[in-house]
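# Structure assessment
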Amino acid sequence: MENCTVFDVILDQNENILKIFRPNKLRYIFINFIWYFILLTILSAILFATFYFADAENNKYGFYLPLFIAIGFDLFFSCLILISYAIRYQKTYYALTNKRVIIRTGIIGIDYQTLDIKMIGAINVYVSLLDKLVKPNTGKIVIGSTSAPVNNARQSNFNFYCVDNPYDTYRQIKETIDANRAKNK
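These notes cover the structure that comes with them. Values in this document were obtained by computation on a predicted structure and should not be read as measured data.

Further remarks concern helix α2 (residues 64–91). Under the 1.5 Å per step criterion, the end-to-end length of α2 is 41 Å for 28 residues, consistent within 8% with the ideal 40 Å. Regarding α2, the residues found buried are Pro66, Ala70, Asp74, Ser78, Ile81, Tyr85, Tyr89 and Lys91.

Here it is, written out as structure tokens:
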């Protein structure tokens, strides 16, 4: 299985990776980035208006200096956000093993989150409008347990973000959970 070695540091003995999932690159990086870019552009416009209209009587700064400051602010922080999403994407993998669900992600370091299959109490699939715009369809798998319940905002500590074909992913996880519970009875 490709990229199996990224989980070697935390796999237990007799634990086998059944499936590795990756987020959809277009959805994970660029479509999420668009929201931040819009927000930064609004903040830049406010910054421009603050500099330009605060000194409208004296016109000490002129028109172009506040405009360049606002555009520079927007571009600088947009680049930082885009780079951070790209780095996080490179480190993000989701794994389903015969014993647990593993999430690997990070920006500076590598972080792992694990949840034993026997602890999983709920699995939900959420597909938003933005997910529908990406082909193949993407979505979010929210995995809940007693230690990490799913709240009303459709959040949990264990989320598979931007996975391709979320309903197929849901079925694979559900089948593994059912097989594990049947084996342990």
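Let's shift gears to the sheet that holds strand β4 (residues 111–116). Two pairing modes exist for strands in a sheet, parallel and antiparallel, and in both the strands are linked by backbone hydrogen bonds. Ordered by their spatial adjacency, 4 strands build an open sheet running β1-β2-β3-β4, and the pairing between neighbours is antiparallel. Each edge of the sheet is formed by a strand with only one pairing partner; in this case those strands are β1 (17–21) and β4. The sheet shows a mean angle of 15 degrees between the axes of neighbouring strands, direction not considered. Across 6 bridges, the pairing between strand β3 (residues 100–105) and β4 is antiparallel. By the bridge assignment, isoleucine 102 is partnered in β4 with threonine 114. Strands in contact with α2 are β2 (93–97) and β3; relative to β3, the strand with the most contacts, it is inclined by about 145 degrees.

A few words now on the packing of aromatic side chains. All told, the structure shown has 10 aromatic pairs when counted by the stated rule. Each ring, one from tyrosine 28 and one from tyrosine 85, has its centre 6.1 Å from the other, and the planes form 85 degrees; the classification is edge-to-face. Placement of tyrosine 28 in helix α1 (residues 25–54) and of tyrosine 85 in helix α2 is noted, with a sequence separation of 57 residues between them. Residue classification places tyrosine 28 among the buried positions, given a relative accessible area of 7%. Aromatic ring contacts, followed pair by pair, group Tyr28, Tyr36, Tyr85 and Tyr89 into a single cluster. Positioned over the ring face of tyrosine 89 is arginine 22, at 4.5 Å from the centre of the ring. Above the plane of the ring of tyrosine 93 lies arginine 22, whose end atom (NZ or CZ) is 4.1 Å from the centre.

Let's shift gears to helix α4 (residues 166–183). Taking 1.5 Å of rise per residue, the 18 residues of α4 would be expected to cover 26 Å, and the 26 Å separating its terminal C-alpha atoms lies within 8% of that figure. On the buried face of α4, the contacting elements are β1, β2, β5 (120–126), β6 (138–145) and β7 (158–164).

Before going further, it helps to examine the pattern of salt bridges. This structure, assessed with the given rule, holds 5 salt bridges. A salt bridge links aspartate 12 to arginine 100; the shortest N-O distance between them is 3.8 Å. In this pair, aspartate 12 sits in the segment before β1 while arginine 100 sits in strand β3, placing the two residues 88 residues apart along the sequence. The buried category is assigned to arginine 100, whose relative accessible area is 8%. Across the pair lysine 174 and aspartate 178 runs a salt bridge, and its minimum N-O distance is 3.5 Å. Placement of the pair is lysine 174 and aspartate 178 together in helix α4, with a separation of 4 residues, close to one helical turn. Residue lysine 174 is classed as partly exposed on the basis of its relative accessible area, which comes to 32%. For aspartate 178, a relative accessible area of 38% puts it in the partly exposed group. Look at the salt bridges and you will find they share partners, linking Asp12, Glu15 and Arg100 into a network.

Conventions and cut-offs
Residues numbered from 1 in each chain as written. Predicted model: local features only at pLDDT ≥ 70, side-chain atom pairs only at ≥ 80, totals over all residues. Heavy atoms only, no water. Helix = DSSP H or I, 4+ residues; strand = E, 2+ residues; numbered from the N terminus. Expected span 1.5 Å × (residues − 1). Buried < 20%, exposed > 50% of the residue type's maximum accessible area, 1.4 Å probe, protein only. Pairing = 2+ DSSP bridges. Axes fitted to C-alpha atoms, helices over the stretch in contact; angles between N-to-C directions. Contact = heavy atoms within 4.5 Å. Phe/Tyr/Trp six-rings, centres within 6.5 Å; stacked < 30°, edge-to-face > 60°. Lys NZ or Arg CZ within 6 Å of the ring centre and 35° of its normal. Salt bridge = Lys/Arg side-chain N within 4 Å of Asp/Glu carboxyl O.

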